[in-house]
Amino acid sequence: MGRKLLTEHINVPGIDTFEVYRKHGGYRSVEKALKTMTPDEVVEEVKKSGLRGRGGAGFPTGMKWSFLAKPEGVPRHLVCNADESEPGTFKDRELMTKLPHLLIEGMITSSYALGANTSYIYIRGELLYVLRILERAIAEAYAKGYLGKNILGSGYDLDLHVHPGGGAYICGEETALLESLEGKRGNPRNKPPFPAVQGLYARPTVVNNVESIAAVVPIVNDGGDEYAKIGIGKSTGTKLISACGHLNKPGIYEIELGVPVEEFIYSDEYCGGIWKGRDLKAVVAGGSSVPILPKELILKTAAGENRLMTYESLSDGGFVTGTMLGSGGFIAMDETTCIVRNTWSFSRFYHHESCGQCSPCREGTGWLEKVLHRLEHGHGHMHDIDLLVSVAKQIEGNTICPLGEAAAWPVAAAVRHFRHEFEWHVTNPKEATRPGAYFSAKAALV
């Protein structure tokens, strides 16, 4: 396996405590940044590293930091987006549960770089047990002088708070998160103004994912140039992948970006192949909101090149023959998977989680769920398949936040690559509704 920048010590007994974490090199980035670097120098190292947002969008983190407005006398904030709710993604909770001080160290170093004196970790409402772990770790950091007034005698002050959400997926969108943090209903805001100008309490704010903030620690410790040597092209560093589905070895893997998808799935170092000796049918590579790809397109690009675990390689071919790395929620499906049933399941989720603010999303997600329900339960018609594509197109690009696209893209991709399976549900309603039934290219019904 490649280098482990975040998870090297994750299984060390007691690593969730300050003393053990400190013995294994913890808080070195705080000492280095506060004692030997200016805030601008920290930002520059993050820029050099090529780090891209690990929450899904993949936007360059250093560039995002550089957009932060710095009006005289106006406080700034760093907010950690720990509202991990994307189906198929479970990496951030693992970091927070086992390495809480890594996140806290990243928050301190990043807050210093941004000139923020009050920062927040907004955590998914269902993860209250993780909130308790973070609160205990934060208390330890305060007691050891790494949080609070005049940290390490540097003159820099920082207060760090953990805030639980109410269990709404929409609050993973940064402006909805800020609304919720302010005590309001978690509805996304119109942009502009962007959070970097008017964010939390109308103050300049940066919102970053848990993994993104944790990655700042090795970047400051080793330097941005060293970090950029890992990976390929603009996909630098390591990435946490939440691997699940029909795999022999599901779990969380820290990979060097650039690992071939085929190696990641079949190598004993990673997922160990498809369970029960079955064949791979399809993969959702970056969480439920990214386009699904069939086996032949997830292992190779349309041009016949090996598909790599990078932002660029996975998106090669656009949405016609490509997908996205997203949040790294890697869902593998074997040959017994019913694509229609799976797509319906995703659509139920997005319909339930739509905030209802935008009509295309509020109405469109409901239509997608209804039509997919019809197809899955033997009441569909051939024109329903085109109706799904039409509704998806009318949602995409017509909403305030990306939840609309998150609902539309999986449906459009499923029809694009597995239209024959949707048609089979129409022409064989009795067989399709049989418990455990699925379409197989090898036989009419298995």
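Source: prediction; values computed, not measured.

Some thoughts on the overall build of the protein
Item 1. Looking only at helices and strands, the protein has 19 helices and eleven strands in total.
Item 2. Compactness check: the protein gives a C-alpha radius of gyration of 22 Å against a globular reference of 22 Å for 446 residues, within 12% of the reference.
Item 3. Projecting the C-alpha coordinates of the protein onto the three principal axes gives extents of approximately 75 × 45 × 40 Å.
Item 4. Expressed as a percentage of the 446 residues in the protein, the buried residues total 57%.
Item 5. By sequence separation, contacts in the protein at least 24 residues apart represent 69% of the contacts at least 6 residues apart.
Item 6. Surface exposure of the protein reaches about 17500 Å², of which carbon and sulfur atoms provide 53%.

Here's the deal with the layout of surface pockets
Item 1. The space that makes up the largest pocket amounts to roughly 1300 Å³.
Item 2. Along the wall of the largest pocket there are 45 residues; nearest its centre are Gly55, Gly56, Ala57, Gly172 and Glu173.
Item 3. Breaking the lining of the largest pocket down by element, the ones donating at least two residues are helix H4 (61-66), helix H5 (91-98), strand E4 (205-209) and helix H18 (403-427).
Item 4. Here the lining of the largest pocket is built from residues that sort into 17 nonpolar, 17 polar and eleven charged.

Looking at the pattern of salt bridges
Item 1. Counted according to the given criterion, the structure contains 29 salt bridges.
Item 2. Across the pair lysine 184 and glutamate 179 runs a salt bridge, and its minimum N-O distance is 3.9 Å.
Item 3. Judged by its relative accessible area of 14%, glutamate 179 is buried.
Item 4. Between glutamate 421 and lysine 281 there is a salt bridge, with its nearest N and O atoms 3.1 Å apart. Taken together, the positions of glutamate 421 in helix H18 and lysine 281 in strand E9 (residues 280-284) put the pair 140 residues apart, joining distant regions of the chain. For the pair shown, glutamate 421 and lysine 281 are each scored as buried.
Item 5. Each member of the salt-bridge network shares a partner with another, and the members are Lys91, Asp92, Glu211 and Lys239.

Remarks on the domain arrangement of the protein
Item 1. Segmentation of the protein into domains returns domain 1 (18-229), domain 2 (232-334) and domain 3 (339-445).
Item 2. Averaged C-alpha coordinates put domain 1 and domain 2 at centres separated by 27 Å.
Item 3. Facing 20 residues of domain 1, the contacting portion of domain 2 comprises 25 residues.
Item 4. Across the interface of domain 1 and domain 2, roughly 1600 Å² is buried in total on both sides, 53% from carbon and sulfur atoms.
Item 5. On the surface where domain 1 and domain 2 come into contact, there are two salt bridges.
Item 6. Its salt-bridge partner being glutamate 211, residue lysine 239 comes within 3.1 Å of it at the nearest N-O pair.
Item 7. If you look at where domain 1 meets domain 2, you find 15 residue pairs in polar contact (both at pLDDT 80 or more).

Considering the packing of aromatic side chains
Item 1. This structure, assessed with the given rule, holds 14 aromatic pairs.
Item 2. Ring centres of phenylalanine 59 and phenylalanine 67 lie 6.2 Å apart, and the angle between their planes is 45°; this geometry places the pair in the tilted category.
Item 3. With a centroid separation of 5.7 Å and an interplanar angle of 70°, the aromatic rings of tyrosine 169 and tyrosine 350 are classed as edge-to-face. Highlighted residues: tyrosine 169 in the loop between strand E3 (159-164) and helix H8 (174-181) and tyrosine 350 in helix H15 (residues 339-353), separated in sequence by 181 residues.
Item 4. Taken together, the ring pairs connect Phe18, Tyr21, Tyr27 and Tyr146 into an aromatic cluster.
Item 5. Looking at lysine 276, its charged tip hangs above the ring of tryptophan 275, at a distance of 4.3 Å from the centre.
Item 6. The positively charged end of arginine 348 is found above the aromatic ring belonging to tryptophan 344, 4.9 Å away from the centroid.

Details of the environment of threonine 343
Item 1. Secondary-structure assignment places threonine 343 in helix H15.
Item 2. Overall, the relative accessible area of 4% leaves threonine 343 in the buried class.
Item 3. Here the alpha-carbon distance between threonine 343 and glutamate 376, two residues 33 residues apart in the chain, equals 9.6 Å.
Item 4. Apart from the residues within four sequence positions on either side, threonine 343 is in contact with Leu372, Pro410, Val411, Ala414 and Phe422.

Section: the sheet that holds strand E8 (residues 251-256)
Item 1. Across the sheet, five strands lie side by side as E8-E7-E11-E9-E10; this open sheet has mixed pairing. Bordering the open sheet on either side are E8 and strand E10 (293-294), each of which pairs with just one other strand.
Item 2. When E9 meets strand E11 (residues 329-334), the two strands line up antiparallel, connected through four bridges. If you follow leucine 280 over to E11, its bridge partner there is aspartate 334.
Item 3. Running over the sheet, H5 touches strand E7 (238-245) and E8 and is turned about 115° from E7.

Cut-offs used in this document
Residues numbered from 1 in each chain as written. Predicted model: local features only at pLDDT ≥ 70, side-chain atom pairs only at ≥ 80, totals over all residues. Heavy atoms only, no water. Helix = DSSP H or I, 4+ residues; strand = E, 2+ residues; numbered from the N terminus. Rg over C-alpha atoms; globule rule 2.2 N^0.38 Å. Buried < 20%, exposed > 50% of the residue type's maximum accessible area, 1.4 Å probe, protein only. Contact = heavy atoms within 4.5 Å. Areas by Shrake-Rupley, 256 points an atom, 1.4 Å probe, with all protein chains shown as cover. 1 Å grid on protein atoms, 1.4 Å probe; cavity = no way out; pocket = protein on both sides within 12 Å on 5 of 7 lines; lining within 4 Å. Points joined across faces, edges and corners; volume = space filled by probe spheres on them. Nonpolar A, V, L, I, M, F, W, Y, C, P; charged D, E, K, R; others polar. Salt bridge = Lys/Arg side-chain N within 4 Å of Asp/Glu carboxyl O. Domains from an automatic or database assignment. Buried area = accessible area lost by both parts, 1.4 Å probe. Polar contact = N/O pair within 3.5 Å; in protein donor to acceptor, adjacent residues only side chain to side chain. Phe/Tyr/Trp six-rings, centres within 6.5 Å; stacked < 30°, edge-to-face > 60°. Lys NZ or Arg CZ within 6 Å of the ring centre and 35° of its normal. Pairing = 2+ DSSP bridges. Axes fitted to C-alpha atoms, helices over the stretch in contact; angles between N-to-C directions.

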